[in-house]
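Coordinates in review
Each chain, written out:
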Amino acid sequence: MYHRVIESKPRIQTHWHYVSIVQFRTQMKIIDKLGFTPITFSDYQLYQEEKLTLPKKPIIITFDDGYLDTFQNAIPILQEFDMKAVIFVMGNRRLNRARWDELDQEDVCELMTDEQIRMAKNLEFEIGAHSLNHISLVGLSDKEVEFEIQQSKYQIESILNTPIHTFAYPYGILDNRVSGIVSESGFSFACGVYSGSPKYGETKYDIRRLAINHNTSMLGFIAKLLLPYQYVEWLYHRAKSGRETQKKYSSKRASTNGQAKKNASYTNPVFEKYN
Ligand SMILES: [Zn+2]
């Protein structure tokens, strides 16, 4: 999972969701050298329908938010390596800047235009939906969640004149209700980040991804590709959420003199906020 691919460091150093162009090219070279072949969710769907054979080592590269630099910087490098990717864009087509990214006030952070999205699609990149307005869907009413999800599908389909099958949750935050609405709205896949099964395809509406950012070292990147890294993260977040639940139990026990309820709420293992 990528976000921005930029020339140099952003002006505000608290950003984490970017890689430099140099880093990105090196990473694509590594993917290529290690024999991975990028595919899209549409390819995977065709494979499931037994209409397509997958390459030996398939991989899905995704970009969230549809930044202008995905179009200007990432796509040309991907084309150098003859690689495909999936780009999740905003359904609200009046959004031309990443307004939700309040740290970016000093930065331009422009988003792809309708025309650029069309061009990316014509270059065989898969376009997915990332909601209408980049609001965390979990806190919204059913009606609002439906609107954010269904309208984003509709708006992007209107630009491309083709069905949109894949969704990415804003901030990777979801619960059963939200993923249920995504599934009922005609999507075939939806991506989270730190939730979902570590086994690809087991949770189609909560696909786990590996975040790649400027802190990802070359060795770290190779480890993410070659080791069962999803399982490592899955175990880590499970252990962490176990500790947090335990903490809740013990503080409750202390405050209610040992009358802790057996069903203390379990928090979904999404601890990090990202776009
Ligand atoms: Zn996002």
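One numbering rule holds for all chains: residues counted from 1, following each sequence as written. Reporting in this predicted model follows two pLDDT cut-offs: at least 70 for local features of residues, and 80 or more for side-chain atom pairs to be given and counted; totals over whole chains, interfaces and linings ignore these cut-offs and use all residues.

Our focus in this paragraph is helix H2 (residues 41-48). Of the positions making up H2, those classed as buried are Phe41, Asp43 and Tyr44. Along the axis of H2, the buried residues cluster in a sector spanning 155°; they form a single face. Starting at the N terminus, helices and strands are each numbered in turn, a helix being any DSSP run of H or I of at least four residues and a strand any DSSP run of E of at least two. Remark: Glu50 follows H2 within two positions and exhibits a positive phi of approximately 60°. Think of it as a crowd count around each C-beta: if 20 or more other C-beta atoms lie within 10 Å the residue is buried, if 12 or fewer it is exposed, and in between it is partly exposed, with C-beta placed from the backbone throughout. This arc is built from the directions going out from the helix axis to the C-beta atoms.

With respect to the helices and strands, the residue Leu46 is situated in helix H2. By C-beta crowding, Leu46 is classed as partly exposed, having 15 other C-beta atoms within 10 Å. In contact with Leu46, not counting residues within four places along its chain, are Lys51 and Leu52. Contact between two residues is assigned when their C-beta atoms, built from the backbone, lie within 7 Å.

What follows concerns the packing of helix H1 (residues 21-33) against helix H3 (residues 68-80). The axes of two packed helices give the description: the angle between them and the distance between them. Helix axes use the C-alpha atoms of the stretch in contact, all axes being lines fitted to C-alpha atoms, and the angles between their N-to-C directions lie in the range 0 to 180 degrees. Direction vectors running N to C along H1 and H3 enclose 25°, while the axes themselves pass 10 Å from each other. One element, H1, and the other, H3, form an angle in the roughly parallel class. Every pair of crossing elements has a handedness; the one defined by H1 and H3 is right-handed. Only Asn73, Ala74, Ile77 and Leu78 of H3 make contact with H1, whose side of the interface consists of Ile21, Phe24, Arg25 and Met28. Oblique is the label for any angle not covered by the other classes, which are roughly parallel (under 35 degrees), roughly antiparallel (over 145) and roughly perpendicular (65 to 115). By definition, any crossing whose near helix is turned counterclockwise from its far helix by less than a right angle is left-handed, and any crossing with a clockwise turn is right-handed.

Turning our eyes to something else, we now look at the environment of Ile6. Following the sequence through the fold, Ile6 ends up in strand S1 (residues 4-6). Along the backbone, Ile6 and Gln72 are 66 residues apart, and their C-alpha atoms lie at a distance of 9.3 Å. Ignoring any residue separated from it by four or fewer positions in sequence, one finds Ile6 in contact with Tyr18, Ser20, Ile21, Asp69 and Asn73.

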